[in-house]
Amino acid sequence: MMITGAELFVKALKAEQVDTLFAYPGGQAIDLFNALYSENEIEVILPRHEQGLVHAADGYARSTGEVGVCLVTSGPGATNLVTGIATANYDSVPLVCFTGQVPTGLIGNDAFQEVDIAGITRSICKYAVTVRRRDDLAAIIKKAFIIARTGKPGVVVVDLPKDIQREYGSDDYPEKIEIRGYKQELSVPAGQIRKALEILNHAKKPVFLIGGGVKISHAHSEMLKLAETTGVPVITTIMGKGAIPTTHDLYIGNIGIHGSYAANTAVSQCDLLFSIGTRFNDRITGKIGYFAAHATIIHIDIDSASVSRNIAVDISIAADAKMAVSALLEKAQKLDTGEWLEQIKQWESQYPVSMKTKGLTPEKIIKAINHVFDNAIIATDVGQNQLWATQFLELNEKKQMLTSGGLGTMGYGFPAAVGAKIGNPSKDVIVISGDGGMQMNIQEMATAVCYELPITICILNNGYLGNVRQWQEMFFDRRYASTCMRYRKSCPKSCNSPTECCPEYTPDFIKLAESYGAKAVRITKENEIAAALETAKHTLKVPTVIEFIIEPEENVMPIVPPGNALDDMILESEDKGI
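The structure presented is a predicted model; accordingly, all values stated were derived computationally and were not measured.

A. Seen up close, the packing of helix 3 (residues 50-64) against helix 5 (residues 82-90). It is the contact of helix 3 with helix 5, at a shortest axis distance of 8 Å, that shows an interaxial angle of 20°. Considering the angle they form, helix 3 stands roughly parallel to helix 5. Of the two possible hands of crossing, helix 3 and helix 5 adopt the one that is right-handed. Contacts between helix 3 and helix 5 involve Gln 51, Val 54, His 55, Asp 58 and Arg 62 from the former and Thr 83, Gly 84, Ile 85, Thr 87 and Ala 88 from the latter. The class makeup of the residues in the contact of helix 3 with helix 5 is three nonpolar, five polar and two charged.

This is how it looks when you write it as structure tokens:
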């Protein structure tokens, strides 16, 4: 049977079991939308901006484990995806992004709304291709889904010229294809596993360092069993948090610039760092020459290119985290870690991660979220709000955190929550955002209202771009350059002391939320937190905005200053470090 390329596109989505498509129409994609018009098996979600759209597809994918799929038109529609493509690819999120394109005969002629989106995105995605022949369409779409979801997951961009969409051809869609040079599965090297276990069994002060790869491979239960079997303490990166329950006795905390004293010190003093599913980026290592300087380092990662790229390791194992941990479990044994764990617990007790400020603090807000919501997905934005969330959120098999780790994208949290709620209608979905990041994609409030999504949106409003302001305070002599969100042209240019005389904040988040049709409330006192969250939890069909007015100069502590070793930290704002 002969069908158009657009009709084959719809058939391919159904064959790949896509039931949700995040899409924004335009001239060079209109044939694809026409083919979707009478399709009942695929729900088309219309966000209000393409960047919000791709973040929503990302949130959908992270929270469901399925491939997120989006569709936009050519030119600006395609380029508006770029930040979201990089965000998802950095964090190994499986997405397939379809873009409309001008007819093949016009490509290269600077046609209206023509851009080389495959060329633009090739360095920030796993694979990008422009379909040049109708006969290749089915195989290319099949290839896109295979590449996105297998191996180290990532983003695939498929550019569809308008004439390919309209051209008639075969309706065949393959069940399987061979991709030359692409290895979908990695076996676990048994010899390296034996060496790793031998070193682990002789370690006196071992640590498991767990990254996002463990969560991506759905190895939560295996990782928990390995930790409990061996008695080895677990430290996570931000992306790895939740790999084992954060309330577990063996969980120590996050590592890195804003990691806990106990976690950072344990890594600095361990004799074996057993890392699984992390690429050792600069946010977790501190001064590289001092990172785990006394330790043998074992590194398991599905991407062999990540091994020894930033930190030289002693044993490397290129394998899927779940397969590797399962192999370790076959011969893992209980270690004598009692004395080591006692030392770590002393560090935890001596230098806990906590906020000493009285009144309404992010710690109290997030701990209230822990208490009120027991089956939830929490999406954070980027900045101080994200860092506080990664310090104080409790995560387990029923609570999941979505955050932009590798790229650190402001504006990610809210649209990601929209996608997560669409993919998980029975779960509570909460956003933790700063006032700055919230404004970057606040137009998606219309999407949340129109699709009747009861999301709880917590805005931590300190009137600043808080993370940059903190660095300006601590390392740039309080020169608050372009970080005050209440600034007016009539304000003194060099002001760095917020007072009651400062202009009112713009916008009024309560009025703005209500204008969209959402519920909204402003909280200024600690004793108002729980009631506001409970009300939001039981609000049906519409999102609820809770604006928390927090101290303007509240800092995320502890912090490793730039250029310092991981255990050379400032614990409190007035401290000089240890």
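We are not done yet, so read on.
B. Up close: the sheet that holds strand 18 (residues 456-461). Strand order in the open sheet made by the six strands is 16-15-17-18-20-19, with parallel pairing throughout. Because the sheet does not close on itself, it has two edges, and the strands there are strand 16 (399-402) and strand 19 (519-523). Going across the sheet, the axis of each strand differs from the next one's by a mean of 20°, ignoring polarity. As defined by bridge partners, strand 15 (residues 376-380) adjoins strand 17 (residues 428-434) across five bridges and the pair is classed as parallel. Bridge pairing links Ala 379 to Val 431 in strand 17. Those strands touched by helix 18 (residues 413-423) are strand 15, strand 16, strand 17 and strand 18, and its axis lies near 175° from that of strand 17. The sheet contacts of helix 23 (residues 529-537) involve strand 17, strand 18, strand 19 and strand 20 (544-549), and relative to strand 20 the element is tilted by about 165°.

C. The arrangement of the pairing of strand 4 (residues 68-72) in detail. Counting buried residues in strand 4 gives five out of five residues, a clear majority hidden from the surface. Burial along strand 4 is two-sided: the residues Gly 68, Cys 70 and Val 72 and Val 69 and Leu 71 are all buried. Relative to strand 4, strand 2 (residues 20-23) runs parallel, the two sharing two bridges. Looking at strand 4, one finds that Phe 22 is bridged to Cys 70.

D. Molecular detail of the nonpolar core. Phe 22, Leu 95, Cys 97 and Ile 457 are the most contacted members of the largest nonpolar core, which has 49 residues in total. Not counting chain neighbours up to four residues away, the residues in contact with Cys 97 comprise Val 54, Cys 70, Leu 81, Ile 85, Val 155, Val 156, Val 157 and Val 158. Counting 38 residues, the second largest nonpolar core, distinct from the first, contains Val 18, Leu 36, Val 69 and Ile 179.

E. A look at helix 9 (residues 190-202). With 13 residues, helix 9 should reach 18 Å at 1.5 Å per residue; the first-to-last C-alpha distance of 19 Å fits that figure. Where helix 9 is buried, its residues meet strand 9 (206-210), helix 11 (220-230), strand 12 (272-276), strand 13 (296-301), strand 14 (315-318) and helix 14 (321-329).

F. Layout of the pairing of strand 13. With five of its six residues buried, strand 13 lies for the most part within the structure. Pairing analysis gives five bridges linking strand 12 to strand 13, with the strands arranged parallel. Bridging from a neighbouring strand, Ile 276 pairs with Ile 300 of strand 13. Two elements, strand 13 and strand 14, share four bridges in a ladder whose sense is parallel. In the strand pairing of strand 14, Ile 300 is matched with Ile 317.

G. Region of the structure containing helix 3. Helix length check: helix 3, at 15 residues, gives a terminal C-alpha distance of 21 Å against a target of 21 Å (1.5 Å per residue), a fit within 8%. Taken across its 15 residues, helix 3 has 14 buried, putting it largely inside the fold. Note on helix 3: the residue one or two positions beyond its end, Gly 65, has a positive phi of about 80°.

H. Up close: the sheet that holds strand 7 (residues 155-161). The parallel open sheet is built from six strands, whose spatial order is 3-2-4-5-7-6. Pairing within the sheet leaves two strands with one partner each, and these edge strands are strand 3 (43-45) and strand 6 (127-130). Going across the sheet, the axis of each strand differs from the next one's by a mean of 20°, ignoring polarity. Pairing geometry for strand 2 and strand 3, over three bridges, is parallel. In the strand pairing of strand 3, Thr 20 is matched with Glu 43.

Conventions adopted
- Residues numbered from 1 in each chain as written.
- Predicted model: local features only at pLDDT ≥ 70, side-chain atom pairs only at ≥ 80, totals over all residues.
- Heavy atoms only, no water.
- Axes fitted to C-alpha atoms, helices over the stretch in contact; angles between N-to-C directions.
- Helix = DSSP H or I, 4+ residues; strand = E, 2+ residues; numbered from the N terminus.
- Parallel < 35°, antiparallel > 145°, perpendicular 65-115°, else oblique.
- Left-handed = near helix turned anticlockwise from the far one by under 90°.
- Contact = heavy atoms within 4.5 Å.
- Nonpolar A, V, L, I, M, F, W, Y, C, P; charged D, E, K, R; others polar.
- Pairing = 2+ DSSP bridges.
- Buried < 20%, exposed > 50% of the residue type's maximum accessible area, 1.4 Å probe, protein only.
- Core = buried A, V, L, I, M, F, W, Y, C linked by side-chain atoms within 4.5 Å.
- Expected span 1.5 Å × (residues − 1).

Keep in mind these numbers describe shape, not what the thing actually does.
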